[in-house]
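The chain contents come next:
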Amino acid sequence: MTGGTFRRVGSTRPSHVMYSGGVGAVVDLPNFSVLVKGLDSWYHQRLLSSDYLVHEPRLLTAVNRVLGRYGADRITELRTPPWAEGADTDPGGEAAQRIGVPVDPFPRWLRCTGCHELATVDSGAFDFHNPISRAPHEARYVHSCPQRKQGKALAVTTRFTLVCRAGHLDEFPYLAYVHRGRRCQKSAHPRLRMHDNGGNQAANVSLECVACGERRNVRHTLGERGKSQLPRCRGRHPHLDTFEAEGCAETPVLMVAGASNQWFPVTLNALALPPSPTAGLATQVAEKWEQFRPVTNADNYKLMSGLPGYEFLLQWPASAVIAAVRARQAELDGPEPGEPAKSGRSRVDLLTPEWELFTAEEPPDATEDFALRDSTVPEGLTGLFSRVRQVERLREVRTLIGFTRLDPAAPEDPEQVARVPLHSSPSRWMPAGEVRGEGIFVQVSEELLADWAARVAGSAEMTAHRDAYARFRENRYSGRLTEPFEPMDRWPGTRYIALHTLSHLLIRTIALECGYSSASLAERIYAGDEHDPRGGILLYTAVPDAEGTLGGLVSLAEPAPFERIVRRALSEAMHCSSDPLCAERLPQHPYDYLHGAACHVCLFVSETTCERGNRYLDRRFLVPLSDDPSLVLTPTALLP
């Protein structure tokens, strides 16, 4: 709904609202573009809580740790975007009123396609037309144009915005720019015209002041010299309707509205796991905190559980109660004075509970959200895999906790990029969504993985990957930090490259073998090191529709089809139509790309599928692409 009018201007999937064009993003509509407003403007009041609440305590705890929210400031709810049944079939009815994701026109400067007049949405020069409530996609702005016989011409959004690395977004200063920072000498409120000859080049766009005749081309703002022609960043967050009190020290960058690097989501996701023996304990501790508070050691547990009215403590082991009490106290206390804020994904571990569940000797009892079943490792693959399991049912919950501009927040170092908040006033909830699907979990032989990691640790090829990672961090983050810079901080590890490469090979082969599009699949890599021996891959469907729950992926974990898929994946990894360039590729100074023998032809997958943006990939560690057999993880018997 566009701000001020409460008229529907389009529709989209909830997943798109959160991960492709969420809070703070500029979304292109058929006739103009809009900016998704902050959580302060989202309206759930006319909906039942059962219609929008998403329950996942493990993810909720992680969100609070990442955001540093403790005590009374904690996030207590995960909510889906507001939607009411009947809003689409009766857009003018009560169900649709004020229910939806609010948006505002942005950029607010519009250009008449007839006479080229340039003015803002609220200048009075343009009229908003959306006469058919059942056709919100026909919403548009029109101009009473003297050059059109019908008297009305379509007004389109201008193309330029200003963006800075601190996450601010602002309008291009057309009026000040055309007059070179001065006022118009002929009029206090001059009319402007924009002559846009199309294309993606700013040199095709020129501005003209109707009153004084001043003209200027936008090309003067391009390049390093052009930065001096742009104003200082005002520290604007239009999704929150706020400005930084003292402006912003960053230099803004001219950007075309809707550019792909104008908005990057910062998300967390977790699988809904079956309840453990201590399930519900954390909830009980929170609800009966005054009764649980004294149970800080074994003696207190023994004493308290023997008192009248405290027998309920006996349903849990002393160690579990003590751990839950200490965890609750830490959440309420927050960081100690002088201690760094407990935010950042490095302090959040959502993978360990999942790894422990997938590798347990016996699968847990099935629940509505999770069902795991053992499958037999094919005899021909026993040298590579130690366990294969069919995930017949799973539920993944995803939440948006912020966004960045210009640079994405890297999973290995999310705090190095300025994360923009989703709300201006304290909020007790975050937007979330869930997908249900199925999957395959494979565990690589620990003996094989450990031996391989030891062999390649000092190789020239792995050293090249490590050096590229250091250059990558140096180029992007070293100038932003005040504390000592650690080039290898959060290096994902040697194991990760092999597991990640194997994951991509399997995804691409599954997409060819069974008809799943690779974009409908997702991966979770469980990679440890010599101190934390892990080596697992979860491939699962991750789309909110029926394609992910039909059993097609689970069936591929049966011994015969799974062996065929693995052998085909390894065989196709031997060759790439970009060879020998692809096969010989290694990151070298001064380049900082984070992949070796990998490209769009052989290994890359869609951004929604890969958890690391197609980084940390190299075929040479799975199949022999060189004369050094010690680099290859795969047992010789499996190689073509």
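That block above? That's the structure.
What you see is a predicted model; the values in this text were computed from it and never measured.

What counts, and where the lines are drawn
Residues numbered from 1 in each chain as written. Predicted model: local features only at pLDDT ≥ 70, side-chain atom pairs only at ≥ 80, totals over all residues. Heavy atoms only, no water. Helix = DSSP H or I, 4+ residues; strand = E, 2+ residues; numbered from the N terminus. Buried < 20%, exposed > 50% of the residue type's maximum accessible area, 1.4 Å probe, protein only. Contact = heavy atoms within 4.5 Å. Areas by Shrake-Rupley, 256 points an atom, 1.4 Å probe, with all protein chains shown as cover. Expected span 1.5 Å × (residues − 1). Pairing = 2+ DSSP bridges. Disulfide = S-S within 2.5 Å. Salt bridge = Lys/Arg side-chain N within 4 Å of Asp/Glu carboxyl O. Axes fitted to C-alpha atoms, helices over the stretch in contact; angles between N-to-C directions. Phe/Tyr/Trp six-rings, centres within 6.5 Å; stacked < 30°, edge-to-face > 60°. Lys NZ or Arg CZ within 6 Å of the ring centre and 35° of its normal. Polar contact = N/O pair within 3.5 Å; in protein donor to acceptor, adjacent residues only side chain to side chain.

A. Expanded view of the overall build of the protein. Within the protein, the regular secondary structure consists of 16 helices and 24 strands. Here the protein holds 640 residues, and 50% of them are scored as buried. Put simply, 69% of the contacts in the protein that link residues at least 6 apart link residues at least 24 apart. For the protein, the computed accessible surface area is about 29,700 Å², with 49% contributed by carbon and sulfur atoms.

B. Representation of helix H13 (residues 494-514). Between its first and last C-alpha, H13 extends 31 Å over 21 residues, near the 30 Å set by a 1.5 Å rise per residue. Counting buried positions along H13 yields 16 of 21 residues, so the element is predominantly enclosed. Looking one or two residues past H13, glycine 515 carries a phi angle of roughly 95°, positive in sign.

C. Representation of the pairing of strand E10 (residues 152-157) within the structure. With 3 bridges joining them, strand E6 (residues 109-112) and E10 adopt antiparallel strand pairing. Bridging from a neighbouring strand, arginine 111 pairs with valine 156 of E10. Of the pairings in the sheet, the one linking strand E9 (residues 140-144) to E10 comprises 4 bridges and is antiparallel in character. Counterpart to histidine 143 in the pairing with E10 is alanine 153.

D. Structural detail: the state of the cysteines. Evaluated as defined, the whole model comprises 0 disulfides. For the unlinked cysteine cysteine 209, the closest cysteine sulfur is that of cysteine 212, found at 3.5 Å. A residue is classified by how much of its surface remains accessible, and cysteine 209, at 0% relative accessible area, is buried.

E. View of the pattern of salt bridges. Inspection of the entire model under this criterion finds 30 salt bridges. Ionic pairing is found between arginine 395 and glutamate 56, a salt bridge with its closest N-O pair at 3.7 Å. Of this pair, arginine 395 sits in strand E21 (residues 385-404) while glutamate 56 is found in the loop between strand E3 (53-54) and helix H3 (57-67), placing the two residues 339 residues apart along the sequence. Considered together, arginine 395 and glutamate 56 belong to a single accessibility category, that of buried residues. Note that arginine 215 and glutamate 208 form a salt bridge whose closest N and O atoms lie 3.2 Å from each other. Among the charged side chains, a salt-bridge network with shared partners connects Glu56, Asp369, Arg395, Glu434 and Arg436.

F. A look at the sheet that holds strand E8 (residues 126-129). In spatial order, the strands read E8-E9-E10-E6-E7-E13-E14-E15; together these 8 strands make up an open sheet with antiparallel pairing. Strands with a single pairing partner mark the edges of an open sheet, and in this sheet they are E8 and strand E15 (215-217). When strand polarity is set aside, the average angle formed by the axes of neighbouring strands in this sheet is 35°.

G. Layout of the packing of aromatic side chains. According to the stated counting rule, one finds 25 aromatic pairs in the structure shown. For the pair phenylalanine 292 and phenylalanine 312, a centre-to-centre distance of 5.5 Å together with 65° between the ring planes defines the contact as edge-to-face. Here phenylalanine 292 is found in helix H7 (residues 289-292), whereas its partner phenylalanine 312 is found in the loop between helix H8 (298-305) and helix H9 (318-333), with 20 residues between them in sequence. For phenylalanine 312, a relative accessible area of 16% puts it in the buried group. For the ring pair phenylalanine 358 and phenylalanine 370, a centre distance of 5.9 Å and an interplane angle of 50° mean the geometry is tilted. Remark: phenylalanine 370 occurs in the loop between helix H10 (352-358) and strand E20 (371-375) and phenylalanine 358 occurs in helix H10; sequence separation between them is 12 residues. Residue phenylalanine 370 is classed as buried on the basis of its relative accessible area, which comes to 0%. Taken together, Trp109, Phe160, Phe172, Tyr174 and Tyr177 form an aromatic cluster joined through their ring pairs. Across from the ring centre of tyrosine 177, 4.1 Å away, lies the NZ or CZ of arginine 216, which sits over that ring. The residue whose ring lies beneath arginine 612 is tyrosine 496, and the NZ or CZ to ring-centre distance is 4.9 Å.

H. Spotlight on the side chain of threonine 221. Its place among the elements puts threonine 221 in the loop between E15 and helix H5 (223-226). For threonine 221, a relative accessible area of 4% translates into the label buried. Here the side chain of threonine 221 touches valine 218 through a polar contact of 2.8 Å, landing on its backbone oxygen. When sequence neighbours within four positions are dropped, the list of residues in contact with threonine 221 reads Phe172, Tyr177, Gly226, Lys227, Gln229, Leu230 and Leu254.

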